[in-house]
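Geometric and topological summary
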Amino acid sequence: MAGKVGVGLLGLGTVGGGVASILQNPSERHPLVGELELIRVAVRDLNRPRPVALDESLLTTDPSAVIQDPAVDVVVEVIGGLEPARSLILQAIAAGKSVVTANKAVIARHGQEIAEAAAAARVYVLIEAAVGGGIPIIEPLKQSLGGNRINRVSGIINGTTNYILTRMAEEGAAYDAVLKDAQELGYAEADPAADVDGLDAADKIAILATLAFGGSVDRSAVPTDGISGLQGVDVDYANQLGYGVKLLAVAERMAERMPNSDDPLPLSLRVQPTLVPKDHPLAGVNGVNNAILVEGDPIGRVMFYGPGAGAGPTASAVVADILNIAGIRKASDGPGKVDPLLAASSWRPCSLVDSGDIRQRHYVRFKTKDAPGVIGNVGGCFGQRNVSIQSIVQFNASDAGAEIVVITHEVSQRQMNEALEAIQALPEVSGLAAHLGCL
Ligand code: NDP
Ligand code: HSE
């Protein structure tokens, strides 16, 4: 295919601005970047100051005008949110345009609908920027690791919360002030509750699970806890016990399945503040950086690490997707073949196990009376429910009471819940003050 590849941008905020900036400065990048031409850009407010200098005639407030422009070959959706983003992606597919999107909220909820529409229209929908910001993780999962049986994908996949936790741990900075910095740096979602409540990480782990295990998962069933309820005292206690605290997302295969079985593949997914031993590779992942550990057979364990949010890193991933589509178009002199790894026909049924069956180690903190026998009684409640304790420590003993921190060995959530119920009924225990995961 001769000539330029036309790019239509939907959105010119943090990510859209980063993409436009790369397209305007192709020098010393891949030669194909110079063959991408920014045709039109949709924004909400024509008068808003822009991070990049653009010919104003490119701007419109009508996203359909961008999609339907005959010179636009690839539509880049970086508006965010569920609607109109979902409808605009489907509109672009219906118009025969390939789509690149950074929108994990849409893909986690409507990925299958979008992939089916793309397969029927024989166009691409590429999503490298939707997880891990600038880290290449989507294409490696789809292609480079395709020969593996993936058993577990876990990691730190929200830059805003990792930035907040790092600055709170390293500087003792105040939560609200650091969140404001993260917003100003362009890391946070339009509604930062999506970051701090763990919803963004849940979107991303649902997408990674879909790719790693080859089937769609019910996003609404992912147990999700964020950092907004995390207390500094637990970060301090974790530190004294040899752990850092990270917002971790985990997706793992739960059981062997017979080959050719039609039963859904059982998976366990969760997002939760989690204690990470200081010598674990994830413990050193700080600031806006993300890291994703993929464990599979026969590869073993690989870790993908890098900047997880922000204009430049995210635009790097978006432009890589545009280049992939442009390269295929040029090689095939047309829209190109459909990527079989994104086609809906290759998906298989997956089911999320009941949250009571999720197995992991736990960190819990109880407020108690500082009375003789209290540690023994707490330990007894755990033992009677077959919950094995790795460590039990009393902090802060005073007239006002004490705090007992327990780290367990791996147990099911159901066993843990039963033990916690029994412990909270003890007269010397005034409450469960914190409950986190532990690697
Ligand atoms: P911003 O809020 O910075 O930008 C959104 C852009 O979309 C703005 O230019 C806005 O216009 C435009 N827009 C909003 N609604 C409409 C509409 N109805 N019609 C036309 N234009 C509209 O968001 P980000 O760039 O931060 O995020 C974009 C997407 O990328 C989201 O899905 C986000 O989750 C994802 N993402 C973001 C990352 C980051 O680090 N920021 C990293 C990875 C993914 P106007 O400027 O006029 O208001
Ligand atoms: N708000 C997201 C984060 C952007 O902080 O990770 C990148 O997806």
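Please refer to the structure placed before this passage.
Residues numbered from 1 in each chain as written. Chains lettered and ligands numbered in written order. Predicted model: local features only at pLDDT ≥ 70, side-chain atom pairs only at ≥ 80, totals over all residues. Heavy atoms only, no water.

**What about the pattern of salt bridges?**
For the structure shown, the criterion picks out 21 salt bridges. Notably, a salt bridge pairs Asp200 with Lys204, separated by 2.6 Å at the nearest N-O pair. Pair noted here: Asp200 and Lys204 are both in helix 9 (residues 199-213), with a separation of 4 residues, about one helical turn. Taking relative accessible area as the criterion, Asp200 reaches 2% and is therefore assigned buried. Across the pair Glu410 and Arg359 runs a salt bridge, and its minimum N-O distance is 3.4 Å. Residue Glu410 is located in the loop between strand 15 (401-408) and strand 16 (411-412), and its partner Arg359 is located in strand 13 (residues 359-368); the two are separated by 51 residues in the primary sequence. Residue Glu410 is classed as partly exposed on the basis of its relative accessible area of 47%. (Salt bridge = Lys/Arg side-chain N within 4 Å of Asp/Glu carboxyl O. Helix = DSSP H or I, 4+ residues; strand = E, 2+ residues; numbered from the N terminus. Buried < 20%, exposed > 50% of the residue type's maximum accessible area, 1.4 Å probe, protein only.)

**What about the site of ligand 1?**
In the neighbourhood of ligand 1, 25 residues make up the surrounding shell, with Asp45, Arg48, Arg50, Glu189 and Gly310 lying closest. The separation between an oxygen atom of ligand 1 and a polar side-chain atom of Glu189 is 2.7 Å. For ligand 1, the protein covers 88% of the area, taking 910 Å² as the surface of the free molecule. Along the lines of polarity and charge, the residues of the shell around ligand 1 split into 11 nonpolar, 8 polar and 6 charged. (Near = heavy atom within 4 Å. Polar contact = N/O pair within 3.5 Å; in protein donor to acceptor, adjacent residues only side chain to side chain. Areas by Shrake-Rupley, 256 points an atom, 1.4 Å probe, with all protein chains shown as cover. Nonpolar A, V, L, I, M, F, W, Y, C, P; charged D, E, K, R; others polar.)

Note that every value here comes from positions in space, so none of it alone points to a role or purpose.
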